[in-house]
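The lines below spell out each chain.
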Amino acid sequence: MNNVLYNKLVDLYAGRELPAELEEQMELAAEQDAALKREMSSMRNVVDTLHQMDSPEYTEESYQRILMKLYARGAEIQTQSPEPSHFQYHLPLQG
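Residues numbered from 1 in each chain as written. Predicted model: local features only at pLDDT ≥ 70, side-chain atom pairs only at ≥ 80, totals over all residues. Heavy atoms only, no water.

1. Quick word on the confidence of the model for the protein
For clarity, the cut-off: pLDDT expresses, on a scale from 0 to 100, how confident the predictor is about each individual residue. Secondary structure follows DSSP: runs of H or I at least 4 residues long count as helices, runs of E at least 2 residues long count as strands, and numbering of each begins at the N terminus.
Mean pLDDT over the protein: 86, with 87% of residues reaching 70 or higher. Mean pLDDT in the protein bottoms out at helix α1 (residues 3–8), which sits at 85, and peaks at helix α4 (residues 34–52), which reaches 94.

This is the structure we're talking about:
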C-alpha cells in the first residue's frame, strides 16, 4: 500500500479499530516515513488520553444552553420529542 492510504487510516489506527494485519503493515510503513510515525503516535496518544478522562456531565441545563446558542446563531431546530407541557398555555374551559 502507499503512504497516502496509510495517512487516511491514521484515525482508525489511533482508535485501535484496524485489523491486526493492517495495523502491523502501518507500523512497518511508519518505520520508513517519520511524518507518518509521528502522526500515528500523536493521534494514538490523544485517543488514549481522551479514553482515560472522565465523561463530561450532560444535564438538562447543558442541553438548554446549547439549544439557545444554536437558536441565537439562526439554526432552526426541530426536536423529535414533543415540547414539555409546561411550555404550553392553559386556556380556561368555558362550560
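2. As for unusual backbone geometry
The backbone phi angle of R16 is positive, close to 55 degrees, even though this residue is not glycine. Here R16 is to be found in the loop between α2 (10–14) and α3 (20–32).

3. Thoughts on the environment of L70
Our working rule: Partly exposed describes any residue whose relative accessible area lies between the buried limit of under 20% and the exposed limit of over 50%, with all areas from a 1.4 Å probe on protein chains only and scaled to the type maximum. It only takes one pair of heavy atoms within 4.5 Å for two residues to be counted as in contact.
Secondary-structure assignment places L70 in helix α5 (residues 60–72). With a relative accessible area of 35%, L70 lands in the partly exposed category. Excluding residues within four positions of it along the chain, L70 makes contact with A75 and I77.

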